[in-house]
Amino acid sequence: MRKLRAEQFGLTRKVEYGSPEQNETVARIVEAIRTEGDAALLRYTEELDRVRLDTGTLRVTNDEIQAAYDRVDADFLTAIRQAALNIRAFHEKQLRQSWVDVQPDGTMLGQLLRPLKRVGVYVPGGKAAYPSSVLMNVIPAQVAGVPEIVMVTPPATGGKTGIDPYILVAAAEAGVKEMYRIGGAQAVAALAYGTATIPPVDKICGPGNIYVALAKRAVFGVVAIDSIAGPSEIVVLADETADPAYVAADLLSQAEHDEMASAILVTTSEALGDAVAVEIEQQLSTLPREGTARQSIDGYGAILLADSMAEAIAAVNRMAPEHLEIMTADPMTLLGRIENAGAIFVGPYSSEPVGDYFAGPNHILPTNGTARFSSPVNVDDFMKKSSLIHYSKDALLANGDQIITLARHEGLEAHARAIEIRLERER
Ligand SMILES: NC(=O)c1ccc[n+]([C@@H]2O[C@H](COP(=O)([O-])OP(=O)(O)OC[C@H]3O[C@@H](n4cnc5c(N)ncnc54)[C@H](O)[C@@H]3O)[C@@H](O)[C@H]2O)c1
Ligand SMILES: N[C@H](CO)Cc1c[nH]c[nH+]1
Ligand SMILES: [Zn+2]
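If you're wondering where the values come from, they're calculated on a predicted model, not measured in any experiment.

Peer 1: What's the story with the sheet that holds strand β11 (residues 233–238) in this structure? I'm lost.
Peer 2: Strands belonging to one sheet form pairs held by backbone hydrogen bonds; the direction of such a pair is parallel or antiparallel. Spatially, six strands are ordered β1-β13-β12-β11-β14-β15 in an open sheet, and the strand pairing comes out parallel. Edge positions in the open sheet fall to β1 (3–5) and β15 (343–346), since each of these has one partner strand only. Mean inter-strand twist for the sheet, computed between neighbouring axes without regard to direction, equals 20°. Relative to strand β12 (residues 262–267), helix α10 (residues 270–284) is tilted by about 150°, and along the sheet it contacts β1, β11, β12 and β13 (302–305). Packed on one face of the sheet, helix α11 (residues 290–300) meets β12 and β13 and runs near 50° to β12.

Peer 1: Is there a simple way to think about the pairing of strand β4 (residues 118–122) in this case?
Peer 2: Two faces, one strand: in a regular strand the side chains alternate between the faces of the sheet. For β4, the buried fraction is high: five of the five residues fall into the buried class. For β4 and strand β5 (residues 148–152), the ladder comprises five bridges, and the chain directions are parallel. Its bridge partner being in β5, valine 121 is matched across the sheet by methionine 151. The parallel pair β4 and β5, bridged by helix α5 (residues 131–144), forms a crossover whose chirality is right-handed. With three bridges joining them, β4 and strand β9 (residues 203–205) adopt parallel strand pairing. Of the residues in β9, the one forming a bridge with valine 119 is lysine 203.

Peer 1: Looking at this structure, I do not really get the UniProt feature "binding site: NAD(+)" (unreviewed entry) in the protein. What am I missing?
Peer 2: Per the UniProt record, "binding site: NAD(+)" (unreviewed entry) is annotated on Tyr122, Gln186 and Asn209. Despite a sequence span of 88 residues, these residues sit close together in the fold, their greatest C-alpha distance being 12.8 Å. With respect to the helices and strands, the residue glutamine 186 is situated in helix α7 (residues 184–193). The exposure class of glutamine 186 is buried, given its relative accessible area of 2%. Not counting chain neighbours up to four residues away, the residues in contact with glutamine 186 comprise Ile29, Ile33, Leu41, Tyr44, Thr45, Leu48 and Asp49. At 3.4 Å, the side chain of glutamine 186 and the side chain of aspartate 49 are in polar contact. Note that asparagine 209 resides in the loop between β9 and α8 (210–219). Leave out the neighbours within four places in its chain, and asparagine 209 touches Pro231 and Asp258.

Peer 1: What is the right way to read the sheet that holds strand β16 (residues 383–390) from this model?
Peer 2: Strands sit in the order β2-β3-β16 across an open sheet of three strands; the sheet is antiparallel. Each edge of the sheet is formed by a strand with only one pairing partner; in this case those strands are β2 (99–102) and β16. Strand-to-strand twist of the sheet, defined as the mean angle between neighbouring strand axes without regard to direction, takes the value 15°. In the sheet, β2 pairs with strand β3 (residues 108–115) via four bridges, with the strands oriented antiparallel. Directly across from aspartate 101, in β3, lies its bridge partner leucine 109.

Peer 1: Explanation requested: a nonpolar patch on the surface in the structure shown.
Peer 2: Together, Leu109, Ile389, Tyr391 and Ile403 line one region of the surface with nonpolar side chains, adding up to about 360 Å² of accessible area. Structurally, the position occupied by isoleucine 403 is in helix α14 (residues 393–409).

Peer 1: Any chance you could explain the pairing of strand β14 (residues 323–327) here in plain terms?
Peer 2: Across the five residues of β14, five count as buried, placing the element largely inside the fold. Looking at chain direction, β11 and β14 are connected through five bridges and run parallel. By the bridge assignment for β14, valine 235 is matched with leucine 324. Note that β14 and β15 share four bridges and pair parallel. Residue pairing for β15: glutamate 325 is matched across the bridge by phenylalanine 345.

Reading the values: the criteria
- In every chain, residue numbers begin from 1 and rise along the written sequence.
- Naming scheme: in the order in which they are written, chains are lettered from A and ligands are numbered from 1.
- For a predicted model such as this one, the threshold for reporting local features is a pLDDT of at least 70, and the threshold for listing and counting side-chain atom pairs is 80 or more; totals across whole chains, interfaces and linings nevertheless cover every residue.
- Just so you know, side-chain values use all the structure's heavy atoms and leave hydrogens and water out.
- Strand pairing requires that DSSP identify at least two bridges connecting the strands.
- Comment: elements are numbered from the N terminus, with helices defined as DSSP H or I runs of at least four residues and strands as E runs of at least two.
- For helices, the fitted axis covers only the stretch in contact; all axes are lines through C-alpha atoms, and the angles between them, taken along N-to-C directions, range from 0 to 180 degrees.
- Here, residues are in contact when the closest pair of their heavy atoms is within 4.5 Å.
- Think of it in three bands: residues with accessible area under 20% of the maximum for their type are buried, residues over 50% are exposed, and the middle band is partly exposed, with areas taken using a 1.4 Å probe on protein chains only.
- The crossover handedness rule: strands pointing away from the viewer, path from first strand over the helix to second strand clockwise, crossover right-handed.
- UniProt positions are given in the numbering used here, feature names are shortened, and annotations may be inferred rather than shown by experiment.
- Definition of a polar contact: a pair of N or O atoms within 3.5 Å, with one able to donate and the other able to accept a hydrogen when the atoms are protein atoms, and with sequence-neighbouring residues admitted only if both atoms are side-chain atoms.
- Residues enter a patch when their relative accessible area is above 30% and they make no salt bridge; the linking distance is 9 Å between like charges and 5 Å between nonpolar side chains (Val, Leu, Ile, Met, Phe, Trp, Tyr).
- Surface accessibility follows the Shrake-Rupley procedure with a 1.4 Å probe radius. Residue values consider only the protein chains on display as shielding.
- Here, a salt bridge means any Lys or Arg side-chain nitrogen found within 4 Å of an Asp or Glu carboxyl oxygen.

What follows is the structure in structure tokens.
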């Protein structure tokens, strides 16, 4: 693993996201779906996922979902049900209410919250299937009260045709009623623009690989998106007290997601850095997804050495990682100095997969430095706000002249007169 000086390290990745070829590919796919609809969707599904479909087979049927239940084991069902309870309990705490302020002169000002009507949730499934991402997408949307939740997921995982049964069961357990077997940029574009078979949505949420992330960025504006939740990232901030085996295991837990995933250790201890490098080599060779994890470690992994904790924390804040683990002597004392991170895991027993699967907070998190301004998927993602303004006659008479003054300063006479006509009549 590369050893670098922490002070030389900037954002996790370049601001220019994806290679020029990847950006061109996504632009081509999105435009084809926009102009050709289902025909392009079926063509790209065959080309990229190696699955031939027709418009009648895009949608998942109830029979398939029932059949999926026969293929999943009881332990999975128990665990996914408990995870769903934890995730729902956490997200219910996020639910905000509309509010209205009534003032003595009769003025009412407020904020009305409404759920979005129709949202599309992307569940990744190209290299591996992610039933956990079904829950992380769907539960906050349900807590918000979204009436139409449509799920898309690739029609083949790891080269094997068919949606992974664990995804179908997770979706059924969560209560999803509308599902399509489409993935990648073509799925994102189909949700955004709609096709003859798939009605368009108002917002697309969910994680995915670089093609999914770039496609979400491309359709932003046509629909809303949650954030750029692309290839996974982990930064571990550790001092000499950390256990190198734990640090290495947690770095690899994200490296195995994707060749473009990144796993970075920032440490004040060169001895820890060296021990983690050795551990990574040992643990890597035993992983079933060794190839993917190795490409990630070689391409995007690093050990950053810092002279002080202050320098280490500055590097973390510049990177704004998706996940940050703090494994230092007294990790809670550093929390207040962390400005940018999608999720912060504190202490040696808060290993990243605790959050990926079970604790309750959302695992769909901003990547590529966007934790500087984006948040984990949350209930607010599935709601919109309208402002409420009710001025009483008394309030308008009392404040009308000031409104007219401001309007005339902007040279907007019609605005001024809309107020003036009322003042003249009512005074
Ligand atoms: N940031 C987060 O919150 C978060 C959460 C979970 C997973 N993830 C990430 O999700 C990703 C899952 O990736 P995945 O690939 O397994 O599944 P995926 O569903 O994201 O992508 C699979 C699709 O990518 C498309 N694709 C693959 N190669 C392509 C190519 N060369 N050109 C055009 N399109 C192509 C195909 O259409 C395929 O259906 C990983 O990167 C993982 O790190 C991120
Ligand atoms: N670590 C991923 C987010 O980057 C989420 C996930 C799902 N399953 C396993 N991990
Ligand atoms: Zn993970």
